[in-house]
Amino acid sequence: MPVIETQDLFKIYNEETVPVYAVNNISIQFDTKEFTCVIGPSGSGKTTLLNLIGGLDSPSKGTINVAGQRIDTMSESERIRFRLEHIGFVFQHYNLIPVLTAYENAAFIMQLQGRPEEETRERVTGLLEQVGLGNRLHARPSELSGGEQQRVAVVRALASKPDFILADEPTANLDTKAAFNLLDMMKQLNEDEGITFLFSTHDQRVIDRASRVVTLVDGALHSDERR
Amino acid sequence: MQLIKMAWRNIWRNKVRSLAVMTAVLLGLVAGMYAGALVEGIMQSRFENFIDNQVSHIQVHHPDFIRENEVFQTVGSDLRTLEEVRAISGVTSATVRTRVQSMIASASYTGGVELYGIRPKSENQTTNFSRNLVEGDYLEGESTNGILIGGALAEKLKVGVGSRIVLSYQDKDNNLVSGAFIVRGIFKSGFTRYDEMTAFVFQEYLNEYLGIGQDFHELAVLAEDIENLDEIYSELQKVFPNSSVRKWNEIEPALEIMITSSGLFSYIFIILIMIGLAFGLLNTMLMAVFERTREIGMLMAIGMNRRKVFLLIALETIFLSLSGAIVGLLVGYIIVAWFAKHGLDLSAFSDVMYELGVDTVVYPALNPSFPFVLALIVFGTALLSAIYPAIKALSLSPIEAIRK
């Protein structure tokens, strides 16, 4: 069953002058429990596609259905609410909140959602323990390594039980060991808990672990390989 | 709760910058509080001097006397009414006076004065006037031709204690009468103009010249508490149904305006300080927003709505200013309290203070509501200062912000 479905999707910049097709007529579906990489050279439209799917940007044309809802017609405030409830984000630069501890960062989205404190504590503590950070709950981001920070970011994205997780170059700033640890952790979450992951990446280590690889060239779908 | 925690911790991300802003708020408030308390103290001193030395709290006159000033326009002569007034609950003391426009002359100068015929004992109980004497003695003993004149008038007349001066005035039949008086004492009331234009003699002695027996033109009442004036005023209207009964602010409306506007001046002063601080706050918060562009973009990307982003920036601004404000109010309160107890000696400006009718040692007084109003002004300033940085934060595009 598709959790994401785009139909005739375009994102065109400078439409009035010299049009640039950042996303060029992409119709694609992503199913639940997939571990998908979107790859392609720089400027191929990977990040733009993820931004459109994540409701961070609006398409020039076409439709986007996420978790059964058209997000391309939503207002900005509806999209913010939708992102909060349905999508988990992992960013290249971790983007943790420096003044919050690992636990507080990981619990942040659940608290924004207004989930009960007890439920939040159980879920977040359990996940942080699961990713090997049970003893770093009260550490601030500045006290964590890059790999640990990214694991906190994954837990933050996961904690609220989103329909899928969008990860934009999640291993770009990690050393090899930290990258492998993170990928193993995400793969395990995908296999054990059926979490759907959608990556944009250049990193071969991520591509090697993907169950599906979508390649974009010049904003258009070039290939779609299922493994 | 989550936002409060974040906002509080965020203000400590750049300690030096935040402490600089807090210190500015603190100093601004201390200066504002002290200036406000000083103005209040000056006004209280002026008010007390005015009430004590001149008008008391309430006066009673013949309905036409204030406008026409005729000798025959008296309140009456029945001193039993004076006892009745003294018996009114809340009245500390009361006295009666004769008032007449007069010419005063010495060998060097001739001018007009308001001549008061007083009953020295009750006058002193009501206005404590004897404390203003800087030379000579108060009017005591048997009714004689002794006179008290102001220091400024003595200078004009070039007379001193023991000097002889002549007073001329009309009696009740409009005959011009003159009398020689001996300067018994020289007073300084704190109001130069008053000291130039006023003289005091025994009422009994003056009334004899005026031919009005025991009549009096003015009855002055001093109340225990200014809060009870309305009740005393009502009672006096019952005792003197055909006379004009006026409270101090009707007798001297300019003083009331001055007191009211002095409070306003304090608030204007504080608001001016706060406008300066608002720009400091705005600048600090703008820097904080620009430094955290990616973080704010991330917050919006993961689902923090605009209302919460606005609230976060507003809370940070409020915490930043209120932290300085709380310490500022405390320090300001301690400083004002110290000076309220020990007084601020402004004798270096004694001439100016005397012209203003204010004692040379001023005791700053803090209006109890002043700190709360200040806290509200700081809160309002913080909210206003937060608007522009918050709008800047809200205008960030999550995609652009995260890329930075």
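The rules behind the values
Residues numbered from 1 in each chain as written. Chains lettered and ligands numbered in written order. Predicted model: local features only at pLDDT ≥ 70, side-chain atom pairs only at ≥ 80, totals over all residues. Heavy atoms only, no water. Pairing = 2+ DSSP bridges. Helix = DSSP H or I, 4+ residues; strand = E, 2+ residues; numbered from the N terminus. Axes fitted to C-alpha atoms, helices over the stretch in contact; angles between N-to-C directions. Contact = heavy atoms within 4.5 Å. Expected span 1.5 Å × (residues − 1). Buried < 20%, exposed > 50% of the residue type's maximum accessible area, 1.4 Å probe, protein only. Buried area = accessible area lost by both parts, 1.4 Å probe. Salt bridge = Lys/Arg side-chain N within 4 Å of Asp/Glu carboxyl O. Polar contact = N/O pair within 3.5 Å; in protein donor to acceptor, adjacent residues only side chain to side chain. Domains from an automatic or database assignment. Parallel < 35°, antiparallel > 145°, perpendicular 65-115°, else oblique. Left-handed = near helix turned anticlockwise from the far one by under 90°. Nonpolar A, V, L, I, M, F, W, Y, C, P; charged D, E, K, R; others polar. Phe/Tyr/Trp six-rings, centres within 6.5 Å; stacked < 30°, edge-to-face > 60°. Lys NZ or Arg CZ within 6 Å of the ring centre and 35° of its normal.

## Observations regarding the pairing of strand S4 (residues 61–66) of chain A
Residues and elements named next belong to chain A.
- With 5 bridges joining them, strand S1 (residues 2–13) and S4 adopt antiparallel strand pairing. Across the sheet, residue Ile-4 finds its bridge partner in S4, namely Val-66.
- The pairing of S4 with strand S5 (residues 69–70) spans 2 bridges and is classified as antiparallel. Bridging across to S5, Val-66 finds its partner in Gln-69.
- The hairpin formed by S4 and S5 contains 2 residues between the paired strands, and Ala-67 there has a positive phi angle of roughly 50 degrees.

## Remarks on the sheet that holds strand S10 (residues 220–226) of chain A
Residue and element names in this part refer to chain A.
- With mixed pairing, the 6 strands of this open sheet are ordered in space as S6-S7-S8-S3-S9-S10. Two strands bound the open sheet, and with one partner strand each, they are strand S6 (87–90) and S10. Across this sheet, the average inter-strand angle for adjacent strands is 20 degrees, counted without regard to direction.
- Examined bridge by bridge, S6 and strand S7 (residues 164–168) share 4 bridges and lie parallel to one another. Counterpart to Phe-89 in the pairing with S7 is Leu-166.
- Relative to strand S8 (residues 197–200), helix H1 (residues 46–53) is tilted by about 145 degrees, and along the sheet it contacts strand S3 (35–39), S6, S7, S8 and strand S9 (212–217).
- Relative to S6, helix H2 (residues 76–86) is tilted by about 85 degrees, and along the sheet it contacts S6 and S7.

## Regarding helix H13 (residues 306–342) of chain B
- Look at H13 of chain B: 53 Å from first C-alpha to last across 37 residues, which is about the 54 Å you get at 1.5 Å a residue.
- One or two steps after H13 of chain B, the chain reaches Gly-343 of chain B, where phi turns positive at roughly 80 degrees.

## Considerations on the side chain of Lys-187 of chain A
Residues and elements named next belong to chain A.
- As for its position among the elements, Lys-187 is in helix H6 (residues 176–193).
- Using a relative accessible area of 18% as the deciding quantity, one classes Lys-187 as buried.
- Sequence-distant contacts of Lys-187, defined by excluding residues within four places in its chain, comprise Phe-35 and Arg-209.

## A look at the environment of Phe-181 of chain B
All names here are of chain B.
- Here Phe-181 is to be found in strand S7 (residues 176–187).
- Put simply, Phe-181 and Ile-147 are 34 residues apart on the chain and 6.1 Å apart in space, counted from C-alpha to C-alpha.
- Those residues in contact with Phe-181, other than ones at most four positions away along the chain, are Asn-145, Gly-146, Ile-147, Ser-163, Arg-164, Ile-165, Leu-167, Tyr-169, Val-201 and Tyr-205.

## A few points about the sheet that holds S1 of chain A
Residue and element names in this part refer to chain A.
- An order of S2-S1-S4-S5 is seen for the 4 strands of this open sheet, with the pairing classed as antiparallel. Looking at the sheet topology across the chains shown, the edges are occupied by strand S2 (20–31) and S5.
- The strands that H1 touches are S1, S2 and S4; relative to S1, the one it contacts most, it runs at about 120 degrees.

## So, the interface of chain A and chain B
- Between chain A and chain B, the residue contacts involve 23 residues of the former and 22 residues of the latter.
- Interface of chain A and chain B: buried area, both sides summed, is about 2200 Å²; carbon and sulfur atoms make up 63% of it.
- The largest share of the area that chain A buries against chain B comes from Ile-80, Val-99 and Leu-112 of chain A, three residues that together contribute 26% of it.
- Run the count over chain A and chain B and you get 2 salt bridges.
- Lys-5 of chain B is the partner of Glu-104 of chain A in a salt bridge, and the nearest nitrogen-oxygen pair spans 3.0 Å.
- Counting across the interface, chain A meets chain B through 7 residue pairs in polar contact (both at pLDDT 80 or more).

## So, the pattern of salt bridges
- Applying the stated criterion across every chain yields a total of 32 salt bridges over all chains.
- Here Glu-34 of chain A and Arg-226 of chain A are joined by a salt bridge, their closest N and O atoms 2.8 Å apart. Of this pair, Glu-34 of chain A sits in the loop between S2 and S3 while Arg-226 of chain A sits in strand S10; the two residues are 192 residues apart in sequence, bridging distant segments of the chain.
- A salt bridge links Lys-247 of chain B to Asp-230 of chain B; the nearest nitrogen and oxygen atoms lie 2.6 Å apart. Placement of the pair is Lys-247 of chain B in strand S10 (residues 244–247) and Asp-230 of chain B in helix H9 (residues 229–239), with a sequence separation of 17 residues.

## Thoughts on the domain arrangement of chain B
All names here are of chain B.
- Once the domains are mapped, chain B shows domain 1 (2–50 + 256–403) and domain 2 (63–242).
- Inter-centroid distance (C-alpha atoms) of domain 1 to domain 2 is 50 Å.
- Each partner contributes residues to the interface: domain 1 has 9 residues there, and domain 2 has 8 residues.
- Interface of domain 1 and domain 2: buried area, both sides summed, is about 660 Å²; carbon and sulfur atoms make up 58% of it.
- Connecting domain 1 to domain 2 are 0 salt bridges.

## Looking at the packing of helix H11 (residues 253–291) of chain B against H13 of chain B
All names here are of chain B.
- Two elements in contact, H11 and H13, have axes whose closest approach is 11 Å; the angle formed by their N-to-C orientations is 135 degrees. Comparing the axis directions of H11 and H13 gives the class oblique. Where H11 crosses over H13, the handedness of that crossing is right-handed. Touching Leu-281, Thr-284, Met-285 and Val-289 of H11 are Ile-313, Glu-316, Thr-317, Leu-320 and Ser-321, all from H13.
- Of the residues in the contact of H11 with H13, the class split is 5 nonpolar, 3 polar and 1 charged.

## Considering the packing of aromatic side chains
- This structure, assessed with the given rule, holds 19 aromatic pairs over all chains.
- Between Tyr-169 of chain B and Tyr-209 of chain B the ring centres are 6.2 Å apart and the planes differ by 90 degrees, which places this aromatic pair in the edge-to-face class. On the criterion of sequence distance, the pair formed by Tyr-169 of chain B in strand S6 (residues 164–170) and Tyr-209 of chain B in helix H8 (residues 203–210) is long-range, its members being 40 residues apart.
- Aromatic ring contacts, followed pair by pair, group Tyr-116, Phe-129, Phe-187 and Phe-200 of chain B into a single cluster.
- Against the face of Phe-10 of chain A rests Lys-61 of chain A, its NZ or CZ located 4.6 Å from the ring centre.

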